[in-house]
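What follows is the residue order along each chain.
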Number of protein chains: 2
Amino acid sequence: MPQALKKLGKQTVAFAEPPSILGYASVTGKKESEGPLKRTFDLIYDDTTCGESSWEKSESRMMKDALARAITKSNIPNEKLDVIFAGDLLNQCIGTTFGLRESGIPFYGLYGACSTMAESLSLAAMSVDGGFSSYAAALTSSHFCSAERQYRTPLEYGGQRTPTAQWTVTGSGAAIVGTGGIGPYVTHAATGKIIDAGIKDVSHMGAAMAPAAYETISAFFADTGITPDQLDLIVTGDLGSIGREIVADLFSRDGIKLGKRYNDCGLMIFDLEKQKEVVAGGSGCGCSAVVLCGHILNEMRAGAWNSVLFCGTGALLSPVSSAQGESVPAICHAVRISNTKG
Amino acid sequence: MPQALKKLGKQTVAFAEPPSILGYASVTGKKESEGPLKRTFDLIYDDTTCGESSWEKSESRMMKDALARAITKSNIPNEKLDVIFAGDLLNQCIGTTFGLRESGIPFYGLYGACSTMAESLSLAAMSVDGGFSSYAAALTSSHFCSAERQYRTPLEYGGQRTPTAQWTVTGSGAAIVGTGGIGPYVTHAATGKIIDAGIKDVSHMGAAMAPAAYETISAFFADTGITPDQLDLIVTGDLGSIGREIVADLFSRDGIKLGKRYNDCGLMIFDLEKQKEVVAGGSGCGCSAVVLCGHILNEMRAGAWNSVLFCGTGALLSPVSSAQGESVPAICHAVRISNTKG
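Parameters at a glance
Residues numbered from 1 in each chain as written. Chains lettered and ligands numbered in written order. Predicted model: local features only at pLDDT ≥ 70, side-chain atom pairs only at ≥ 80, totals over all residues. Heavy atoms only, no water. Least-squares fit on C-alpha atoms with pLDDT ≥ 70 in both. Contact = heavy atoms within 4.5 Å. Salt bridge = Lys/Arg side-chain N within 4 Å of Asp/Glu carboxyl O. Helix = DSSP H or I, 4+ residues; strand = E, 2+ residues; numbered from the N terminus. Buried < 20%, exposed > 50% of the residue type's maximum accessible area, 1.4 Å probe, protein only. Polar contact = N/O pair within 3.5 Å; in protein donor to acceptor, adjacent residues only side chain to side chain. Buried area = accessible area lost by both parts, 1.4 Å probe.

## A word on the relation of the copies chain A and chain B
Now for step 1: In the superposition of chain A on chain B (RMSD 0.0 Å, axial shift 0.0 Å), the rotation amounts to 180 degrees. Such values leave the two copies arranged in the relation of a two-fold axis.
Now for step 2: Take the interface residues of chain A: 100% of them recur as interface residues in chain B, which is what a same-surface contact looks like.

Written as structure tokens, this is what we have:
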């Protein structure tokens, strides 16, 4: 028998039997451990080479570590993991490929830029709820040094950062979802559309991605009937200080005050007052991944937050598209996580 | 209620209510139209710029065309399409992003290199069978000129090709799967694992990917109990002449003769005798996409083939990983397509 349609409205899916987040883990570099979330990370590399011979291999190492720790914390044996959904920012996603090369686990590669944690969690939850797997992993990574080299200028340049720039997080986060378990549960997934606000400044990613976040979050509210005050936390991926302000402003024009329940992973991971060099906040696939797979899920398990809308935001540009004069298209995928199945 | 587990064995999913392929379309360049499959393409660009100002934009144009034609041929209105699964070979998948930017349809970005057509079709079928969408699109693209620039040397070099080299297909293929319809049906999806055979020659992709194809196809046989003689066609993504021979050889060591029912999209799309410059055959995401979304599905609809195992093979390297001395990991996702639901 076909499954009854679980789609609500235009963009949101409500899971029939919300999969449980059975385990999760985060791995970061030194700078991330100097921010306010240090105690929430499972493993910190003070040497961000992670003992590897290239930055790309360092990133793969963190992904391998995050997955292994998330599996262990899930209390499932390795061989029970049915499928992995993962991707990263590097050309051809080599952080992921080489990080998972020895895993021996069926794998679907994703490219969602910095929305990847939400994209992978959405698809992992669909895999479980659809009956295609019992246990599925969602993970992603980024590394400051591999990203700077690929997207911007060699580190040795020491280029000045613009006032709207963000800092790529060195880290990897992984979550295992499955049947059974006691939550937190993935209850809904809202799939993003590509939104292009026409921004061409590649150091102004918050502004480029904010309209995509606004679009997906608005769709989630419209599709589900859930209102902002029914959520304890609405958290975007890595819009930083400027993008966060734009999202709040776009909602206030609709008469919706998101207020203090709205935050951004790029602001949570660093202390912007003390860590001035991060400028407008953290970014990179690893940013929202390590904040979710540490602080946010910890607080949910502790009961501080019961209902969270986690919104991964990604900028879908490449250095080539920018060189060809293109603007920066963006996407936001959102996942609603709750301590109850409803 | 949770859906009953549809997983068979280690890697294969059997759909409860196999989604139907409602429509499909293929768009190619001139060289592809000079091969034996010309009549199966929906749109051929004799000028492979496709009227655009860069090769990347030409690729996006083909993807847009393929999606629009597949939707039209599906007889569903644009706004009924719930979700798109797509990706390509370009850094940060900009072929896809810019090709789908104006679509306004919820979108999950994939990176599976040349396995993308099978990966996207697998996930689109899961989306429908799991109850997450009524209509889902699967598509991908590649362009000879954008791929050569990114992976190899500038075209103006005129570099000599090695005897094992393959030729990146300029093309895009798209398929729409959904509930209802009269088939062909997607009955099974086998998810690949990353397999690294240790090949470091980036002009020897067939050899790098063949072991991944062997692994996934073997898993499909073991998981489902379906035997090769129950299939009218087993077709790999783009292994070319050398990779195809390796796969046949690996199976013959297991006492399994694939024989004439086994073919490869990279061999089907070009006439290797006449089109000598393609050397070992076609490659690129677009290769298996346009062969599936043209010739193969046409023949199935005509009843020439009733049961097909379509196996997309991807090499998960990047120029950076190769420069760092790494070998070429590969993956193969397989989809079984049948004129009956069983």
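## A short note on the pattern of salt bridges
Now for step 1: In the structure shown here, the tally under the stated rule is 36 salt bridges over all chains.
Now for step 2: Taking the shortest distance from any N to any O, the salt bridge between Glu326 of chain B and Arg101 of chain A comes out at 3.1 Å. Of this pair, Glu326 of chain B sits in the loop between α10 (319-323) and β16 (329-338) while Arg101 of chain A sits in the loop between α3 (94-100) and β6 (107-109), which puts the two residues in different chains.
Now for step 3: Note that Arg161 of chain A is salt-bridged to Glu148 of chain A, the shortest N-O span being 3.9 Å. Taken as a pair, Arg161 of chain A in the loop between α5 (144-151) and β8 (167-168) and Glu148 of chain A in helix α5 lie far apart in primary sequence, 13 residues in all.
Now for step 4: Assessed through its relative accessible area of 25%, Arg161 of chain A is described here as partly exposed.

## What about the environment of His204 of chain A?
Now for step 1: Counting through the fold element by element, His204 of chain A comes out in the loop between β11 (195-196) and α6 (205-224).
Now for step 2: Along the chain, His204 of chain A and Leu239 of chain A lie 35 residues apart, while their C-alpha atoms are 9.5 Å from each other.

## Digging into the side chain of Glu56 of chain A
Now for step 1: Among the structural elements, Glu56 of chain A can be located in helix α2 (residues 55-74).
Now for step 2: For Glu56 of chain A, a relative accessible area of 7% puts it in the buried group.
Now for step 3: One polar contact links Glu56 of chain A to Gln324 of chain B, side chain to side chain, over a distance of 2.7 Å.

## Side note on the interface of chain A and chain B
Now for step 1: Counting residues at the interface gives 67 residues for chain A, matched by 67 residues for chain B.
Now for step 2: Roughly 5,500 Å² of surface becomes buried between chain A and chain B when both sides are summed, with 60% attributable to carbon and sulfur atoms.
Now for step 3: For the chain A face of the interface with chain B, the top three residues by lost area are Gln92, Tyr108 and Phe132 of chain A, together amounting to 16%.
Now for step 4: Counting every contact that joins chain A to chain B gives 8 salt bridges.
Now for step 5: With its nearest N and O atoms 3.6 Å apart, the salt bridge here joins Glu326 of chain A to Lys57 of chain B.

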